[in-house]
Amino acid sequence: MKKNDRYQQLIGKTIERLRLKKGWTQDDLAKAVGSSQSAIHRIEKGGQNISLSMVNKLSRALGNQILSVNDSVSQSFRINGGRELSGEITINTSKNAAVGLLCASLLNEGRTVLHNVARIEEVFRIIEVLESIGVKCHWQNHRKDLEIISPRELKIDEMDIEAARKTRTIIMFLGPLLHRLDKFRIPYAGGCSLGVRTVEPHLKALESFGLKVDAETNCGFYEVEVDQEILHDKSDRYIVLTERGDTVTENVLMAAAMFPGKTTIVGASPNYMVQDVCFFLEKLGVKISGIGTTRLVIKGRSRFNYDVEYSISEDPIEAMSFIAAALVTNSEITLRRAPIEFLELELEILKNMHAKFEKSEEYLSANERTRLVDLTIEKSRLVAPIDKVHPMPFPGLNIDNLPFFSVIAAVAEGRTLIHDWVFENRAVYITELANLNVKVDLLDAHRVYIEGPTNWRPTELVAPQALRPAVVILIGMLAAPGTSILRNIYPINRGYQDFAARLRQLGADIEPLIGI
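My aim in this report is to walk through the structure given alongside it, one point at a time. (Residues numbered from 1 in each chain as written. Predicted model: local features only at pLDDT ≥ 70, side-chain atom pairs only at ≥ 80, totals over all residues. Heavy atoms only, no water.)

Here the focus is the sheet that holds strand E13 (residues 308-311). With mixed pairing, four strands are arranged side by side in an open sheet as E4-E5-E3-E13. Only two strands of the sheet have a single neighbouring strand rather than two, namely strand E4 (136-140) and E13. Strand-to-strand twist across the sheet, computed as the mean angle between neighbouring axes with direction ignored, equals 20 degrees. With five bridges connecting them, E4 and strand E5 (residues 145-149) associate as antiparallel partners. Along E5, the bridge assignment pairs lysine 136 with isoleucine 149. On top of the sheet, helix H6 (residues 121-132) reaches E4 and E5; it is set at about 135 degrees to E4, its chief contact. (Pairing = 2+ DSSP bridges. Helix = DSSP H or I, 4+ residues; strand = E, 2+ residues; numbered from the N terminus. Axes fitted to C-alpha atoms, helices over the stretch in contact; angles between N-to-C directions. Contact = heavy atoms within 4.5 Å.)

Before going further, it helps to examine the sheet that holds strand E11 (residues 287-289). The strand order across the open sheet built from four strands is E9-E10-E12-E11, with neighbouring strands paired in mixed fashion. Where the open sheet ends on each side, the last strands, each with one partner, are strand E9 (237-240) and E11. Sheet twist, expressed as the average angle between the axes of neighbouring strands with direction ignored, equals 15 degrees. Contacts from helix H11 (residues 246-257) reach E9, strand E10 (262-266), E11 and strand E12 (295-299) within the one sheet, and its direction differs from that of E12 by about 25 degrees.

Let us now look at the packing of aromatic side chains. Applying the stated criterion across every chain, the model contains seven aromatic pairs. A centroid spacing of 6.0 Å and a plane angle of 70 degrees characterise the contact between phenylalanine 209 and phenylalanine 259, whose relative ring orientation is edge-to-face. Of this pair, phenylalanine 209 sits in the loop between helix H9 (200-206) and strand E7 (211-214) while phenylalanine 259 sits in the loop between H11 and E10, and the two are 50 residues apart along the sequence. No difference in accessibility class separates phenylalanine 209 from phenylalanine 259, as the two residues are buried. (Phe/Tyr/Trp six-rings, centres within 6.5 Å; stacked < 30°, edge-to-face > 60°. Buried < 20%, exposed > 50% of the residue type's maximum accessible area, 1.4 Å probe, protein only.)

For glutamate 362, the location among the structural elements is in the loop between strand E15 (357-359) and strand E16 (363-364). On the basis of relative accessibility, which here comes to 44%, the residue glutamate 362 falls in the partly exposed class. Distance in space between the C-alpha atoms of glutamate 362 and asparagine 108 is 33 Å, their sequence separation being 254 residues. Glutamate 362 has contacts with Ile340, Arg371, Leu372 and Val373, leaving out every residue within four places of it along the chain. A polar side-chain atom of glutamate 362 sits 2.9 Å from a polar atom in the side chain of arginine 371. (Polar contact = N/O pair within 3.5 Å; in protein donor to acceptor, adjacent residues only side chain to side chain.)

What follows is about the pattern of salt bridges. Scanning all chains against the criterion turns up 23 salt bridges. Note that glutamate 162 is salt-bridged to lysine 166, the shortest N-O span being 3.9 Å. Using a relative accessible area of 37% as the deciding quantity, one classes lysine 166 as partly exposed. Across the salt bridge formed by glutamate 318 and arginine 502, the nearest N and O atoms sit 2.8 Å from each other. Here glutamate 318, found in helix H13 (residues 316-328), pairs with arginine 502, found in helix H19 (residues 499-505); they are 184 residues apart in sequence, far enough to count as distant. Taken individually, glutamate 318 and arginine 502 each receive the classification buried, so the pair is uniform in this respect. (Salt bridge = Lys/Arg side-chain N within 4 Å of Asp/Glu carboxyl O.)

Before going further, it helps to spend a moment on the state of the cysteines. Applying the stated criterion to the full structure yields zero disulfides. This cysteine, cysteine 103, is not joined by any disulfide, and cysteine 137 carries the nearest cysteine sulfur, 11 Å off. With relative accessibility at 0%, the residue cysteine 103 sits in the buried group. Not part of a disulfide, cysteine 278 finds its nearest cysteine sulfur in cysteine 103, a span of 15 Å. The exposure class assigned to cysteine 278 is buried, which follows from its relative accessible area of 1%. (Disulfide = S-S within 2.5 Å.)

Turning to the packing of helix H5 (residues 95-104) against helix H12 (residues 272-283), a few remarks are in order. The contact between H5 and H12 brings their axes to 8 Å, and the two run at 35 degrees. When the axes of H5 and H12 are compared, the crossing they make is right-handed. Mapping the contact onto sequence places Asn96, Ala97, Gly100, Leu101 and Ala104 in H5 and Tyr272, Met273, Asp276, Val277 and Phe280 in H12. Partitioned by chemical class, the residues of the contact of H5 with H12 number seven nonpolar, two polar and one charged. (Left-handed = near helix turned anticlockwise from the far one by under 90°. Nonpolar A, V, L, I, M, F, W, Y, C, P; charged D, E, K, R; others polar.)

Residue phenylalanine 394 is joined to proline 395 through a cis peptide bond whose omega torsion reads 15 degrees. Counting through the fold element by element, proline 395 comes out in the loop between strand E17 (371-377) and helix H15 (402-409). In this structure, proline 453 follows glycine 452 across a cis peptide bond, with omega equal to 0 degrees. Take proline 453: it is sitting in the loop between strand E20 (447-452) and strand E21 (460-462). Phi is positive for histidine 142, which is not a glycine, with a value near 60 degrees. Within the secondary structure layout, histidine 142 lies in the loop between E4 and E5. The phi angle at asparagine 437 is positive, at roughly 80 degrees, despite the residue not being glycine. One can find asparagine 437 in the loop between helix H16 (426-430) and strand E19 (439-442).

That's the geometry; what it means functionally is another story.
Rendered as structure tokens:
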């Protein structure tokens, strides 16, 4: 077979898989791209040359980039699975903390330096947005630390809209910007494809600071006006959050930081990224009580013009990723600098599943606040938990850690019920594990049964367009003997720094593939 013919067949198979995933017929796809059913049939069978213009049309219609040349967005991984991992890995700093702190840096007129910033796509997108509105961002210390200097006047009308639309973090510009601008607009938030994720709790909470948003007049943007009379009213603010969300709590925290009176937040998230933002704001002179609880009391200041440095805490979700990789491949690895406070319930559930691990004595992160341990995961014969596995707001099982229990359950003896009540369709992504021969029974959009142990088999898949489910599939491929291909891994790059290289450090056989 000629190389060109093989490429055409690979493209055709990819198009067919994406079409079927959307539940479309060939005729549906043909109408979406202005072609014919017979042409789509020939393309899927690899029997027709396809132009780059048609590839782009098909990519837009199917919601996935099919082909690129040297484009990291559509990079793929080739995994030769079934290998035992070993060694140790140091946990990187938190992605979710980093993006919140980048937004919080807009509050400071002085020089902000964030230490050990995760170099990931989500961070890069926010930096692109900041630079487009006039913020100076400069990497230091071998590109580990980030210096941020906010200008006196932001060029908000020059915002990089394309970068902003790729991240849900853009919604956290509302809190800092309402103190700096009377009117502005930001694009609708993007990020993971996890169903409808309302921003109403953000808008409702920030009304206390005069925020008024029109999300209907200009489709695709939040048109923001700030009522200056409400903003400068010196009376105390008492805000009850209708959703104990991480980003909504951070948004209100940032708005409260520049209000010189007293703000009380009831129903706040006490999660790790929120605590990082609190610790940073304290360095700016904001007084905050109740950090780590659901009730925060903030005494802010009207202006910040300081040179401030802050060290970001380690990422509990990355730690859980490596815990899952060790258990699923039946390996022994050591995690250095694991943030134990945000892993305790996860480890207790794993202990009840007969997972074996050892913890070191506790020590502090570089921020001198977050508790860390070194954690050694040992080879274990797992059994299914008696109760269902479901997330809860901190200190419950972290919502982002729940998907890892689905692939862990695949190697446990028995049947495990995973209940993802938070997102409308994330449980559906878990059914992709069936392609690796996992026994999956989807009950509804929120609940799925996993039965183990699994007789793994390799496969080729397009990564789910959600960060944690994509990593779950990758971990399953590490366990499956033989060669698997995971395509379009931008969601993983959005939240993990050098993930493939770090897995190779532990002995995984995983290599990037560019384009097809």
